[in-house]
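# Observations on chain architecture
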Amino acid sequence: MNIAASPSNLAALRNDFPILDQQLGKYPLAYFDSAATTQKPQSVIDAIAEYYQQHNANVHRAAHALSERATRMFEAARECVRERINARSTAEVIWTRGTTEAINLVAYSYAGTVLAPGDEILITEMEHHSNIVPWQLAAQRAGARVVACGITDEGELDLDDFERKLGEQTRIVAFGHVSNALGTINPVRWLIEKAHAAGAVTVLDGAQAMAHLPVDVQALDCDFYAFSGHKMFGPTGIGVLYGREALLEAMPPWQSGGEMIEVVSIDHTTFNTLPFKFEAGTPNIAGAIGLGAAVHYLNAIDPDELAAHEARLLALTTSGLAQVEGVTLVGTAAAKTGVVSFLVEGAHPQDIGTLLDQQGIAVRAGHHCAMPLMQRLGIPGTVRASLSLYNSEHDIERLIAGVQKATTFL
Ligand code: C6P
């Protein structure tokens, strides 16, 4: 695999992402929607194509060479992910379709066995719907309750409120590592320690963290950690649930069918070992291999260089947009990844999105699947520019000029 990537050699790094080199009408693409999905490096595209061209077969099943090869590649990808997040063993790395499915797995299998009437699940007001709705449904099934920790006007968690709401009745504490709408990096170590001290199990939504921060599940000491491949330079349709092995062992299967079984008779089934117990049916083999290639890509990038590059881009975007007349920034936490949400006075976010699109600038506009957060902030939505390692200072100059131009149309 040929990986030249380094944020200090941005031209070479951008060359790794063929999609970036295109015109939208008369404008070159400036991509600011990486929080929705990142673009894919050539090495990931090649890994998927090569798998289908040379190795395609079902895994863990047939007694032939292709299947043996596909199985080896599929399990090597799992090991690659294990190493990236420092899980203790591959038994703790479960393939899912993405963050949403990973959280649902916990909300059904884990929550289904531990929740009792009167219990509480503590979430936060800044969660993505994927870390709200599964808990509401789990609570309804059990007669339990969802409680949300409040946030400050800057978009940080109100930690006093967290401590107030965490209690003996709290069984599960579920929160995002990084907010998708605001970019806030939550104090996850502190939250996990407090939750554990209260006897609760922690579920982290890492969807927006994996492409930006080093994640070590043992150092975090979290119980579950969910993420999506497509937000970290991998393909869509593949993601991961990390779970502490003892918890996963004790949990009942969720979906059932092939692959997750050991012995089946007409009236009884015993189940496969971890992680396969939670992987019913033919998995997304090419997706897992593609995610493995994405992890290789990330591993080749110096984390300090990445952090410095993204911090520089964030500072430029924040200060540039703040100077545009009529622009209000939404989410000014002290610790942030490269997500800049903003409003333009007198304009609907969607209209700003359209005016930017007409200039080749891709942003997301709306509630960002975080409606309770928007309700708390008293706004219908925001325009969101989300940055990634391949964004350049030139992209940011264009974004700022684009917003400035958009305001003149209003
Ligand atoms: N956020 C965004 O534009 P899936 O769809 O399962 O890969 O990821 C869901 C999800 C869960 N948690 C967080 C914090 C997320 O940001 C997302 C996806 C995208 O912000 C699409 S709504």
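Residues numbered from 1 in each chain as written. Predicted model: local features only at pLDDT ≥ 70, side-chain atom pairs only at ≥ 80, totals over all residues. Heavy atoms only, no water.

## Examining the overall build of the protein
- Looking only at helices and strands, one finds 14 helices and 17 strands in the protein.
- For the protein, the C-alpha radius of gyration of 22 Å lies close to 22 Å, the compact-globule estimate for 410 residues.
- Summarising its shape, the C-alpha atoms of the protein cover approximately 70 × 55 × 35 Å along the three principal directions.
- Looking at the protein as a whole, 55% of its 410 residues qualify as buried. (Helix = DSSP H or I, 4+ residues; strand = E, 2+ residues; numbered from the N terminus. Rg over C-alpha atoms; globule rule 2.2 N^0.38 Å. Buried < 20%, exposed > 50% of the residue type's maximum accessible area, 1.4 Å probe, protein only.)

## Quick word on empty space enclosed by the protein
- A full pass over the atoms with the stated rule returns 2 cavities of 30 Å³ or more.
- By volume, the largest cavity amounts to about 40 Å³.
- Grouping the amino acids of the lining of the largest cavity by side-chain chemistry returns 3 nonpolar, 6 polar and no charged.
- Here the second largest cavity defines a volume of roughly 30 Å³. (1 Å grid on protein atoms, 1.4 Å probe; cavity = no way out; pocket = protein on both sides within 12 Å on 5 of 7 lines; lining within 4 Å. Points joined across faces, edges and corners; volume = space filled by probe spheres on them. Nonpolar A, V, L, I, M, F, W, Y, C, P; charged D, E, K, R; others polar.)

## Quick word on helix α12 (residues 349-357)
- Pro349, Ile352, Gly353, Leu355 and Leu356 are the residues of α12 that are buried. End-on view of α12: buried residues confined to an arc of 165 degrees, all on one side of the axis.
- Buried-residue contacts for α12 involve β14 (339-344), β15 (361-362), β16 (364-366), β17 (382-386) and α14 (393-409). (Arc of directions from axis to C-beta. Contact = heavy atoms within 4.5 Å.)

## Details of the site of the ligand
- Around the ligand lies a shell of 16 residues, among which Thr100, Asp205, Gln208, Ser228 and Arg364 are the nearest.
- For the ligand, an oxygen atom lies 3.4 Å from a polar atom in the backbone of Thr99.
- Asn180 places a polar side-chain atom, nitrogen or oxygen, 2.8 Å from an oxygen atom of the ligand.
- Protein contact buries 86% of the 520 Å² of open area that the ligand shows by itself.
- Among the cavities detected, the one that contains the ligand is the largest pocket.
- When its residues are assigned to classes, the shell around the ligand shows 4 nonpolar, 8 polar and 4 charged.
- Counting contributing residues per domain, the shell around the ligand is built from domain 1 (10-31 + 302-408) and domain 2 (46-299), each supplying no fewer than three. (Near = heavy atom within 4 Å. Polar contact = N/O pair within 3.5 Å; in protein donor to acceptor, adjacent residues only side chain to side chain. Areas by Shrake-Rupley, 256 points an atom, 1.4 Å probe, with all protein chains shown as cover. Sits in = over half its atoms within 2 Å of the grid points. Domains from an automatic or database assignment.)

## Here's the deal with the sheet that holds strand β4 (residues 93-96)
- Spatially, the 7 strands line up as an open sheet ordered β4-β10-β9-β8-β7-β5-β6, and their pairing is mixed. Only two strands of the sheet have a single partner each, and these edge strands are β4 and β6 (145-149). Mean inter-strand twist for the sheet, computed between neighbouring axes without regard to direction, equals 20 degrees.
- Two elements, strand β7 (residues 170-176) and strand β8 (residues 201-205), share 5 bridges in a ladder whose sense is parallel. Within the sheet, the bridge partner assigned to Val173 lies in β8 and is Thr202. (Pairing = 2+ DSSP bridges. Axes fitted to C-alpha atoms, helices over the stretch in contact; angles between N-to-C directions.)

## Notes on the domain arrangement of the protein
- Taken domain by domain, the protein comprises domain 1 (10-31 + 302-408) and domain 2 (46-299).
- The centre of domain 1, based on its C-alpha atoms, is set 28 Å off from the matching centre of domain 2.
- Both sides together, the interface formed by domain 1 and domain 2 hides about 2300 Å², and carbon and sulfur atoms give 58% of it.
- Our enumeration of links across domain 1 and domain 2 arrives at 17 residue pairs in polar contact (both at pLDDT 80 or more).
- The element best represented in the side of domain 1 that touches domain 2 is helix α13 (residues 371-377), accounting for 6 residues. (Buried area = accessible area lost by both parts, 1.4 Å probe.)

## Re the pattern of salt bridges
- Scanning the model with the defined rule gives 20 salt bridges in all.
- In this structure, Arg384 and Asp33 form a salt bridge, with 3.4 Å as the shortest nitrogen-oxygen distance. Residue Arg384 is located in strand β17, and its partner Asp33 is located in the loop between β3 (30-31) and α2 (42-55); the two are separated by 351 residues in the primary sequence. In terms of burial, Arg384 and Asp33 fall into one category: buried.
- Between Arg78 and Glu279 there is a salt bridge, with its nearest N and O atoms 2.7 Å apart. With a gap of 201 residues between them, Arg78 in helix α3 (residues 65-85) and Glu279 in the loop between β12 (268-271) and α10 (285-299) connect regions that are remote in the sequence. Residues Arg78 and Glu279 agree in their burial class; the two are buried.
- Taken together, the salt bridges that share partners define one network made up of Glu75, Arg78 and Glu279. (Salt bridge = Lys/Arg side-chain N within 4 Å of Asp/Glu carboxyl O.)

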